[in-house]
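One letter stands for each residue in the lines below.
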Amino acid sequence: MALASARAVRVRSTRACRRSTNASRGGAVARSAAPPSTGLVLDVFDHALVRDGARKMREINPEAFANEPDWVLEWFLRDRKLDADKASEKCAKYVAWRSNDGYDRVELERSSEVDEEAATGKAVLLDETDAMDRPVIYVTLTKHEVETRELARTCKLCVRLVDEALERERAKGAGSSETMMCVFDLRGFTMKNADIDFVKFFIKCIFDYFPKRISQVLLIEPPWVFTPVWQIIKPLMGKYAALVKQVKASEAKAYFKEGSSVF
């Protein structure tokens, strides 16, 4: 049962965000040189209510959450609008996935296989943040080929980078964005770089394991051969498709701080 006394203060996106959302409902990804929106922002709740909800979650499933830090429970609680029962169910699935599917944080940090995957440079956590001070995971698609990749390694690298980005945000303390941006550089993309199986994993992570953690997604100069790929991906993304922006490299500068070396 939801905490009836919760008073949510919804943090709404700007008008520019709503315009970009409406524009992206068609079959193609919206292209716009307009100033960037704030992207996805999680609702803000009274912290005392969040703490109380997290305690209730531990009472509901003490075994599953025995080793989980408060911030994990609190995030799922906020994602579920302070409904402790729904948050417990979703968070328990996350904990089981971490434990049973090879995504333990410590194991990912120490994995030599993930180190080798990271060494390809196909995906990195940038040192710079974006214009909203969010960490940025940058993916270069031409460095990722379906025929030669090992899907398990690629998925684990993805999770390690998300973990590192979130840890960087937590280190900032109160007032941090708590979310991140993902940039997919599609310059030079061909169908040998199209990895639908990985995309399905990434989307499942967005919905089930890291809900509302991806605030915005940029697609840098996708060529025409990417169009049929996007037509497959977009329905799978559901509401998150509205967060995707197709931009030229020159337009991407607007999403980063002045003087950024990214673009």
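Everything quoted here is computed from the prediction, not taken from an experiment.

Of regular secondary structure, the chain possesses 10 helices and five strands. Restricting to contacts in the chain with at least 6 residues of sequence separation, those with at least 24 account for 78%. Per element, the accessible surface of the chain, about 13300 Å² overall, is 53% carbon and sulfur.

Read from one edge of the open sheet, five strands run 1-2-3-4-5, paired in mixed fashion. In this open sheet, the two edge strands, each paired with only one partner strand, are strand 1 (123-129) and strand 5 (244-247). Sheet twist, expressed as the mean angle between neighbouring strand axes with direction ignored, is 25 degrees. Sheet topology note: the strand 3 (residues 180-185)/strand 4 (residues 214-220) ladder contains six bridges and is parallel.

With glycine set apart, most residues show a phi of negative sign, and most peptide bonds adopt trans. Phi is positive for Glu178, which is not a glycine, with a value near 70 degrees. Among the residues examined, Glu178 registers a relative accessible area of 26% and is labelled partly exposed. Not every positive phi belongs to a glycine, and Lys212 is a case in point at roughly 60 degrees. Residue placement: Lys212 occurs in the loop between helix 8 (196-209) and strand 4. Since its relative accessible area comes to 13%, Lys212 is described here as buried.

What follows is about the confidence of the model for the chain. Close inspection of predicted coordinates is inappropriate for parts of the model with low pLDDT. The predicted model of the chain averages 87 in pLDDT, with 86% of residues at 70 or higher. Per-element confidence in the chain ranges from a low mean pLDDT of 39 for helix 1 (residues 15-23) to a high of 98 for strand 2 (residues 135-140). Under a pLDDT of 50 for its full length, residues 1-35 has, in the predicted model, 63 contacts with residues more than four places off or in other chains.

Buried residues of helix 9 (residues 227-237): Val229, Trp230, Ile233, Lys234 and Met237, and no others. The arc that holds every buried residue of helix 9, seen down its axis, measures 125 degrees, which confines them to one face. Of the exposed residues in helix 9, the ones pointing more than 90 degrees away from its buried face are Gln231 and Pro235. Considering only its buried residues, helix 9 is in contact with helix 8 and strand 5. Where helix 9 terminates, the next one or two residues include Gly238, which has phi positive at roughly 55 degrees.

This part is about the pattern of salt bridges. Where side chains of opposite charge bring their charged atoms close, a pairing between them can arise. This structure, assessed with the given rule, holds 23 salt bridges. Close ionic contact of Lys81 with Asp43 constitutes a salt bridge, the shortest N to O distance being 2.4 Å. In this pair, Lys81 is assigned in the loop between helix 3 (70-79) and helix 4 (84-100) and Asp43 in the loop between helix 1 and helix 2 (47-60), connecting sequence segments 38 residues apart. Residue Lys81 is classed as partly exposed on the basis of its relative accessible area, which comes to 39%. Note that Glu145 is salt-bridged to Lys192, the shortest N-O span being 3.5 Å. Of this pair, Glu145 sits in the loop between strand 2 and helix 7 (151-172) while Lys192 sits in the loop between strand 3 and helix 8, and the two are 47 residues apart along the sequence. Each member of the salt-bridge network shares a partner with another, and the members are Asp79, Arg80, Lys90 and Lys212.

Below, the discussion takes up a negative patch on the surface. A surface patch of negative charge is lined by Asp104, Glu107, Glu109 and Glu164. Along the polypeptide, Glu107 turns up in helix 5 (residues 105-110).

Where burial is concerned, most of strand 2 is hidden: six out of the six residues are buried. The two faces of strand 2 match: Pro135, Ile137 and Val139 on one face and Val136, Tyr138 and Thr140 on the other face are all buried. Pairing between strand 1 and strand 2: four bridges, direction antiparallel. Looking at strand 2, one finds that Leu125 is bridged to Ile137. What sits between the antiparallel neighbours strand 1 and strand 2 is a turn of five residues, in which Asp133 has the positive phi angle 65 degrees. For the handedness criterion, the β-α-β arrangement of strand 2, helix 7 and strand 3 is classed as right-handed.

What counts, and at which threshold
Residues numbered from 1 in each chain as written. Predicted model: local features only at pLDDT ≥ 70, side-chain atom pairs only at ≥ 80, totals over all residues. Heavy atoms only, no water. Helix = DSSP H or I, 4+ residues; strand = E, 2+ residues; numbered from the N terminus. Contact = heavy atoms within 4.5 Å. Areas by Shrake-Rupley, 256 points an atom, 1.4 Å probe, with all protein chains shown as cover. Pairing = 2+ DSSP bridges. Axes fitted to C-alpha atoms, helices over the stretch in contact; angles between N-to-C directions. Buried < 20%, exposed > 50% of the residue type's maximum accessible area, 1.4 Å probe, protein only. pLDDT = per-residue confidence, 0-100. Arc of directions from axis to C-beta. Salt bridge = Lys/Arg side-chain N within 4 Å of Asp/Glu carboxyl O. Patch = residues over 30% accessible without salt bridge, like charges linked within 9 Å, V, L, I, M, F, W, Y side chains within 5 Å. Lys, Arg positive; Asp, Glu negative; His and termini not counted. Charge placed at Lys NZ, Arg CZ, Asp CG, Glu CD. Right-handed = clockwise from strand over helix to strand, strands pointing away.

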